[in-house]
Amino acid sequence: MGNCENGEGSRAAEGSDSVMRRGGEQSAIGLRTKLIGLLTAVLVVISAVFLVFTYDDQARRAETDLLEKSRVLVTEMDAVWDFISLNQSVINYTAAGDYDYKGLHCAIAGKSVAALFSEKSDYSIRFTNLNPRNIYNTPDAYEAAAIEGFLAEGGPDEAWGFETEEDQQVFRYVRAMDVSEDCIECHGEPAGEIDATGYPKEGWKAGDVAGAVSVVVPADTALSNMRDAVVANMLFFLAVVASMALIIYIVISRLITEPLTALRSSFSRVAGGDAGAAAAAGCPPTLSGLPGEGALARADRGVLYSSREVDGLIEQYHSMARRLEELYGSLESQVAERTDQLSRANAELERQRRRMEEINERLARDNQYKSDFLAIVSHELRTPLTSILAFADLLAASIDPDNAEAARQLEEIDKNGAILLEMVDNVLECARIQAGSETLNVELVDLSDLVGMVESAMEPVARKKDVAFSTRVDPDVPLIMGDWEKLRRVLANLTSNAVKFTEPGGTVTVRVRAEAACPAGMAAAPGKGRAVASGEGRTAASGGGRAVVLEVADTGIGIPAEAQELIFERFRQENMSTVRRYGGSGLGLSLVKDLVAMMGGAVSVESEPGRGSRFSVVLPLEEEDVHD
């Protein structure tokens, strides 16, 4: 069993590799990697947002803290100012009630306290206005801008902000000082009158803005504390978020990626399983690679890391695995059955093939015997026939010219002997063609001479039968390259048949013409009574190129449409009544078809019963064949 498990493990790994190789479109990034990348991106975005929020919050907190401290200081300075102002009657009068001005007014007290406070701390506090009595109280740009804002109608009563002074961040706070009833004595009307301190009065009224209290607080410590707080908050936040991301990663891995990885491994084992190897190793005859029913059970993952969706997927997988195992078992039996059937069919086909070979060999031998028999018989017949015709000619020359009966008998012997000799020659020619021993003797052929020779041989026969015989060769017919004797035999057979099957008073016409284009396809047209026998050599019936057409037309008995295909077969004629009436062996047209095919041409017939026939031989011309 261990060997089976080891074999399955190695095959699973190989199957996984093969699956990966076949899946060229698979993503190169795993789910865990994508999950880590996504969590990292989310962490970075959240951290950036938190950093901006924390920095802004801490900056506002630092500014608020400095603002509150500045307000407290200004409020305390106002309290000192008010205290001195309220106690002027005590300070400037003696116990006896006499007025004795001591020079300790509110402005002197406030400025002195502010100076003392500034000397003993890093804070800076002072009183200022746009037209100070003391040049040292002249406002700087920030203070002047603040005071002008206070003087504007509806303006604020305080201003603050951060500035850089001598490469140091400071917090500036400026608050308006309003003229009270106690201030009228020294600063009220009439303007320009010298007050008790020796300065001209400003002519202010109660409620006017007399100036401002300015506080300058170093901000480096506060900003440093702010940055430390931001860093501490960020570190704490990152620790919390990282912990949450780790927890999410672990939970998702257990809930999704680990079950999917287990399913993928099982699928890989299924894809790479080798049931045959497992059976050879003695393993159970099951589909290799399928995990057991409890291999991905919920109990193995724990209730916490189980989910309805993943559990349903695993259950579906087990169902599919069981179905695959059942199908695999059925498939093995079907394959074995089909293999056995195929073996039996192949064996039967082999027997039939051998039988066909034996039959073909026997048919080839029989055909050869037939050809040899025809050739031997025809040759043996031709020799005595030639002798008979020769002796008939000698006898005709030696008899008395006045012996009409003897002359008639000799003429009959000569005629029938010539017919029989033509039949024997046809048989010999067919035998040679069928045996493949017939060759073409190509030479320059003048079709006018060829037609003249056939006419001189057939015209007396036609005249004796009272059949009009005429020929015509068009003047544009060129000299062609061909086999003179075979062309003569073709034309002689066609004209002989035309004369034989034409009744007295009829006509036989031979015409030779040239065509600029070879007729494309000569299949029978419906209702036209036309049949075609084509050659296989050159492009006679395929269309295109020049051609020479030999036509033999007659007004004879005609050929029915259903018999037009048969007359080009060996030993076949229209019907037996035609054989009895007109004679013949049925080899003439078959020989014509074979000879024309050897020369790359085609022969066709157009005929209607009682209206005659037209046989056409089409011989294609290559450019080098034409000789004008």
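Parameters at a glance
- Residues numbered from 1 in each chain as written.
- Predicted model: local features only at pLDDT ≥ 70, side-chain atom pairs only at ≥ 80, totals over all residues.
- Heavy atoms only, no water.
- Helix = DSSP H or I, 4+ residues; strand = E, 2+ residues; numbered from the N terminus.
- Buried < 20%, exposed > 50% of the residue type's maximum accessible area, 1.4 Å probe, protein only.
- Contact = heavy atoms within 4.5 Å.
- Areas by Shrake-Rupley, 256 points an atom, 1.4 Å probe, with all protein chains shown as cover.
- Salt bridge = Lys/Arg side-chain N within 4 Å of Asp/Glu carboxyl O.
- Core = buried A, V, L, I, M, F, W, Y, C linked by side-chain atoms within 4.5 Å.
- Phe/Tyr/Trp six-rings, centres within 6.5 Å; stacked < 30°, edge-to-face > 60°.
- pLDDT = per-residue confidence, 0-100.
- Pairing = 2+ DSSP bridges.
- Axes fitted to C-alpha atoms, helices over the stretch in contact; angles between N-to-C directions.
- Left-handed = near helix turned anticlockwise from the far one by under 90°.
- Polar contact = N/O pair within 3.5 Å; in protein donor to acceptor, adjacent residues only side chain to side chain.
- Patch = residues over 30% accessible without salt bridge, like charges linked within 9 Å, V, L, I, M, F, W, Y side chains within 5 Å.
- Lys, Arg positive; Asp, Glu negative; His and termini not counted.
- Charge placed at Lys NZ, Arg CZ, Asp CG, Glu CD.
- Parallel < 35°, antiparallel > 145°, perpendicular 65-115°, else oblique.
- Nonpolar A, V, L, I, M, F, W, Y, C, P; charged D, E, K, R; others polar.
- Expected span 1.5 Å × (residues − 1).
- Bend = angle between axes of the 7 residues up to and from the residue.

Peer 1: Explain the overall build of the protein here, please?
Peer 2: Summing up its helical and strand segments, the protein has 15 helices and 12 strands in all. Going through the 628 residues of the protein one by one, you find that 35% of them count as buried. Residue pairs in contact within the protein that sit at least 24 positions apart in sequence constitute 71% of those at least 6 positions apart. About 36,400 Å² of surface is accessible on the protein, with carbon and sulfur atoms providing 57% of the total.

Peer 1: Could you clarify how one ought to interpret the pattern of salt bridges in this entry?
Peer 2: In a structure, side chains of opposite charge can pair up when their charged atoms sit close to one another. Enumeration according to the criterion identifies 26 salt bridges in this entry. Here Asp57 and Arg61 are joined by a salt bridge, their closest N and O atoms 2.8 Å apart. Remark: Arg61 and Asp57 occur in helix α2 (residues 31–86); sequence separation between them is four residues, near one turn of the helix. Taking the relative accessible area as the measure of exposure, Arg61 reaches 53% and is therefore exposed. Linking Arg614 and Glu551 is a salt bridge whose minimum nitrogen-to-oxygen distance equals 3.2 Å. Of this pair, Arg614 sits in strand β12 (residues 612–621) while Glu551 sits in strand β10 (residues 546–554), placing them 63 residues apart in sequence.

Peer 1: Quick question: what am I supposed to make of the nonpolar core here?
Peer 2: Soluble globular proteins: nonpolar side chains tend toward being buried together. Grouped together as the largest cluster of nonpolar side chains are 40 residues, with contacts concentrated most on Leu447, Ile480, Leu487, Leu494, Phe615, Val617 and Leu619. Going through the elements one at a time, α12 (447–464), α13 (484–500), β8 (507–515), β10, α15 (588–598), β11 (602–608) and β12 are the ones with two or more residues in this core. If we ignore the near neighbours within four places in the chain, the residues touching Leu494 are Val552, Leu589, Val592, Phe615 and Val617.

Peer 1: Would you take a moment to explain the packing of aromatic side chains for this structure?
Peer 2: In this description, a pair of aromatic rings is defined by centroid distance and the angle of the planes. This structure, assessed with the given rule, holds two aromatic pairs. Between Phe50 and Phe237, the aromatic rings sit 4.1 Å apart at their centres with planes inclined by 10 degrees, giving stacked as the arrangement. Separated by 187 residues along the polypeptide, Phe50 in helix α2 and Phe237 in helix α7 (residues 220–272) bring together distant segments of the chain. Overall, the relative accessible area of 21% leaves Phe50 in the partly exposed class. According to the relative accessible area criterion, Phe237 is buried, its value standing at 16%. Geometrically, the ring pair formed by Phe162 and Phe171 is edge-to-face, given 5.4 Å between the ring centres and 70 degrees between the ring planes.

Peer 1: Even after reading the chapter, I still don't get the confidence of the model for the protein, so can you show me in this structure?
Peer 2: If pLDDT is low for a region, its predicted coordinates should not be looked at in detail. Here the protein averages 76 in pLDDT, while 73% of its residues score no lower than 70. Segment residues 520–530 is flagged for pLDDT under 50; beyond a separation of four residues in sequence, or across chains, it makes 23 contacts in the model. Ignoring residues within four places in sequence, the model shows residues 535–543, a span with pLDDT below 50, making 31 contacts including any to other chains.

Peer 1: I would appreciate a short explanation of the sheet that holds strand β1 (residues 124–128) in the present structure.
Peer 2: Strands in a sheet are paired, the pairing made by backbone hydrogen bonds, and the direction either parallel or antiparallel. The four strands are arranged β1-β4-β3-β2 in an open sheet whose pairing can be described as antiparallel. Looking along the sheet, the strands with just one partner apiece sit at the ends: β1 and β2 (158–165). For this sheet the average axis-to-axis angle between neighbouring strands, irrespective of direction, equals 20 degrees. Inspection of the sheet shows β2 paired to strand β3 (residues 168–178) by eight bridges, in the antiparallel sense. Considered in β3, the bridge of Gly161 is made with Arg172. Here helix α5 (residues 141–151) sits on the sheet and contacts β1, β2, β3 and β4 (209–218); the angle it forms with β3, its principal contact strand, is near 35 degrees.

Peer 1: Can you help me understand the packing of α12 against α13 in this one?
Peer 2: Any two packed helices are characterised by how steeply their axes cross, that is the angle between the axes, and by the distance between the axes. Where α12 meets α13, the axes come as close as 10 Å, and the angle between the chain directions of the two elements is 35 degrees. Like other packed secondary-structure pairs, α12 and α13 cross with a definite hand, here right-handed. Residues Leu447, Asp449, Leu450, Val451, Met453, Val454, Met458, Val461 and Ala462 of α12 touch α13, and the partners they reach there are Trp484, Leu487, Arg488, Leu491, Ala492, Thr495, Ser496 and Val499.

Peer 1: Help me understand α5 in this model?
Peer 2: Given 3.6 residues per helical turn, the α-helix brings residues three or four places apart onto the same face. Those residues of α5 lying buried are Tyr142, Glu143, Ala144, Ala146, Ile147 and Phe150. In the core, the buried residues of α5 are packed alongside β1, β2, β3 and β4. Its side-chain oxygen at 3.3 Å from the backbone nitrogen of Tyr142, Asp140 defines the N-terminal cap of α5.

Peer 1: Sorry, what's going on with the pairing of β11 here?
Peer 2: Taken residue by residue, a regular strand's side chains alternate between the two faces of the sheet. In terms of burial, β11 is largely enclosed, as five of its seven residues are buried. Pairing between β11 and β12: seven bridges, direction antiparallel. Of the residues in β12, the one forming a bridge with Ser607 is Ser613. What sits between the antiparallel neighbours β11 and β12 is a turn of three residues, in which Gly610 has the positive phi angle 85 degrees.

Peer 1: Can you help me understand a negative patch on the surface in this one?
Peer 2: A surface patch of like charges, here negative, comprises Asp82, Glu181, Asp182 and Glu185. Within the fold, Asp82 resides in helix α2.

Peer 1: Looking at this structure, how should I read unusual backbone geometry?
Peer 2: Excluding glycine, a negative phi dihedral is what most residues carry, and trans is how most peptide bonds are arranged. Its identity is not glycine, yet Glu166 carries a phi of approximately 50 degrees, on the positive side. Phi is positive for Asp167, close to 60 degrees, though the residue is something other than glycine. Along the polypeptide, Asp167 turns up in the loop between β2 and β3. Here Asp167 falls in the exposed class, since its relative accessible area comes to 78%.

Peer 1: Can you help me understand the packing of α13 against α15 in this one?
Peer 2: Here α13 crosses α15 at 150 degrees, and the two axes come no closer than 9 Å. Between α13 and α15, the crossing angle belongs to the class labelled roughly antiparallel. In this structure, α13 crosses over α15, and the sense of that crossing is left-handed. Contact residues: α13 offers Lys486, Arg489, Val490, Asn493, Leu494 and Asn497, while α15 offers Gly588, Leu589, Leu591, Val592, Leu595, Val596 and Met598. For the contact of α13 with α15, the per-class residue count stands at eight nonpolar, three polar and two charged.

Peer 1: It is not clear to me how α12 should be interpreted in this structure. Could you clarify?
Peer 2: Between its first and last C-alpha, α12 extends 26 Å over 18 residues, near the 26 Å set by a 1.5 Å rise per residue. Of all the bends in α12, the greatest reaches close to 35 degrees and is centred on Met458; the proline Pro460 follows between one and four positions later. All buried positions along α12 are accounted for by Leu447, Leu450, Val451, Val454, Met458 and Ala462. Elements that come into contact with the buried residues of α12 comprise β5 (442–445), β6 (468–473), β7 (480–483), α13, β8 and β10. Note on α12: the residue one or two positions beyond its end, Asp466, has a positive phi of about 65 degrees.

Peer 1: Even after reading the chapter, I still don't get the side chain of Gln58, so can you show me in this structure?
Peer 2: Relative to the assigned elements, Gln58 resides in helix α2. For Gln58, a relative accessible area of 14% corresponds to the buried category. Setting aside chain neighbours within four positions, we find Gln58 in contact with Met226, Ala229, Val230 and Asn233.

Peer 1: What am I meant to see in the environment of Thr495 here?
Peer 2: By the secondary structure assignment, Thr495 is in helix α13. Distance from Thr495 to Val454, taken between C-alpha atoms, is 8.2 Å for residues 41 residues apart in sequence. In contact with Thr495, not counting residues within four places along its chain, are Val454, Met458, Phe469, Val510 and Val552. There is a polar contact of 2.9 Å between the side chain of Thr495 and the backbone oxygen of Leu491.

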